[in-house]
Amino acid sequence: KAISFEVNGEEVKLSGNIIREYLVSGNDDVTDQEVVNFLNLCRYQKLNPFLKEAYLIKFKGTPAQLITSKEAFMKRADAHPKYEGFEAGIVIERDGELVDIPGALLPSGAAVKGGWAQVYRNDRKKPIYVRISLAEFSKGQATWKQMPQNMIRKTAIVNALREAFPESLGAMYTEDDPVLHTQEVPVEEQVRRDVSE
């Protein structure tokens, strides 16, 4: 049975069959619980997976990953009445010093060490500032090898937006968040735990 909900004035219809047939990436089948979790993420967070705002990815031997796109974070922030914009860039090491620079262009002779972002709200005296380490987020994936500056800047923006708007972004994660790559409990095991408690 399909469930309907509204996202930005548009009706979205999802069912287990639609999710399995059109919205799963990876090389393994998703469980019923993983489908339900994805459907609920989309419904309660008002995400449209057909517009690539949310992804369900499943690889053999790992739990499914429920991923929210950076664009969904940006749209949500833009719609918030207290949002006043952001600044972001990379953290480089130059002459033994760590320096925040805007953008993602790495100066010659410098090494990228991380990313930074600050988000402005009209109800705060200071911006929400985040500085993150490249080593913590880069796990050797192809995209991170090809464009580490751009990826760490994007990840810093998402983390700063989540801290600035925890009520609307706190439960959403992108593919680059370490929470998706460390000590995950398989969904079936978590369901067994929940039922037995």
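Residues numbered from 1 in each chain as written. Predicted model: local features only at pLDDT ≥ 70, side-chain atom pairs only at ≥ 80, totals over all residues. Heavy atoms only, no water.

Caption draft 1: Examining helix H2 (residues 32-45) more closely. Between its first and last C-alpha atoms H2 spans 20 Å; for 14 residues at 1.5 Å apiece the expected length is 20 Å, and the two agree. Those residues of H2 not exposed but buried are Glu 34, Val 35, Phe 38, Leu 39, Leu 41, Cys 42 and Gln 45. Looking straight down H2, one finds its buried side chains confined to an arc of 160 degrees; they lie on one side. Exposed and oriented more than 90 degrees from the buried face of H2 are Asp 32 and Tyr 44. Just downstream of H2 lies Lys 46, where phi reads positive at about 55 degrees. (Helix = DSSP H or I, 4+ residues; strand = E, 2+ residues; numbered from the N terminus. Expected span 1.5 Å × (residues − 1). Buried < 20%, exposed > 50% of the residue type's maximum accessible area, 1.4 Å probe, protein only. Arc of directions from axis to C-beta.)

Caption draft 2: Molecular detail of the pairing of strand S7 (residues 97-102). Alignment of strand S6 (residues 83-94) against S7, held across six bridges, turns out to be antiparallel. Its bridge partner lying in S7, Arg 94 is registered against Glu 97. (Pairing = 2+ DSSP bridges.)

Caption draft 3: Here's a closer look at the sheet that holds strand S4 (residues 54-58). Here we have three strands laid out as an open sheet, ordered S3-S4-S5, and mixed in their pairing. Taken across any chain shown, the strands that pair with only one partner, and hence form the sheet edges, are strand S3 (24-26) and strand S5 (65-68). Averaged over neighbouring strand pairs, the angle between their axes works out to 35 degrees when direction is ignored. Bridge analysis of S3 against S4 gives three bridges, and the strand direction is parallel. Bridged to Gly 26 within S4 is Lys 58. Against the sheet, H2 contacts S4 and S5, and its axis sits at roughly 165 degrees relative to S4. (Axes fitted to C-alpha atoms, helices over the stretch in contact; angles between N-to-C directions. Contact = heavy atoms within 4.5 Å.)

Caption draft 4: Quick peek at the pattern of salt bridges. Scanning all chains against the criterion turns up eight salt bridges. For the salt bridge of Glu 53 with Lys 75, the shortest nitrogen-to-oxygen distance reads 2.8 Å. Taken together, the residues span a long stretch of sequence, with Glu 53 in the loop between H2 and S4 and Lys 75 in helix H3 (residues 70-79) at a distance of 22 residues. Of the charged contacts, one joins Arg 131 and Asp 100 as a salt bridge, the two residues approaching to 2.9 Å between their closest N and O atoms. With Arg 131 in strand S9 (residues 128-133) and Asp 100 in strand S7, the pair connects residues that are 31 residues apart, well separated along the chain. (Salt bridge = Lys/Arg side-chain N within 4 Å of Asp/Glu carboxyl O.)

Caption draft 5: Focus on the nonpolar core. Residues Tyr 83, Val 119, Ile 152, Leu 161 and Phe 165 are the most contacted members of the largest nonpolar core, which totals 28 residues. Mapped by element, the contributors of at least two residues to this core are H3, S6, strand S8 (111-121), S9, helix H4 (134-137) and helix H6 (148-164). Sort the elements by how many residues they give to this core and H6 lands first, with eight residues. Excluding anything up to four places from it in sequence, Tyr 83 contacts Met 74, Ala 77, Asp 78, Val 119, Tyr 120, Leu 161 and Phe 165. Listed in part, the 17 residues of the second largest apolar core include Leu 14, Ile 19, Phe 38 and Ala 54. (Core = buried A, V, L, I, M, F, W, Y, C linked by side-chain atoms within 4.5 Å.)

Caption draft 6: Spatial organisation of the side chain of Glu 34. You can see Glu 34 is positioned in helix H2. Exposure remark for Glu 34: the relative accessible area of 1% places this residue in the buried category. At a separation of 2.9 Å, a polar atom in the side chain of Glu 34 contacts the side chain of Lys 58. (Polar contact = N/O pair within 3.5 Å; in protein donor to acceptor, adjacent residues only side chain to side chain.)

Caption draft 7: Region of interest: the sheet that holds S8. What the four strands build is an open sheet, ordered S7-S6-S8-S9; its pairing is antiparallel. Edge positions in the open sheet fall to S7 and S9, since each of these has one partner strand only. The sheet shows a mean angle of 25 degrees between the axes of neighbouring strands, taken without regard to direction. Docked against the sheet, H6 engages S6, S8 and S9, running at close to 30 degrees with respect to S8.

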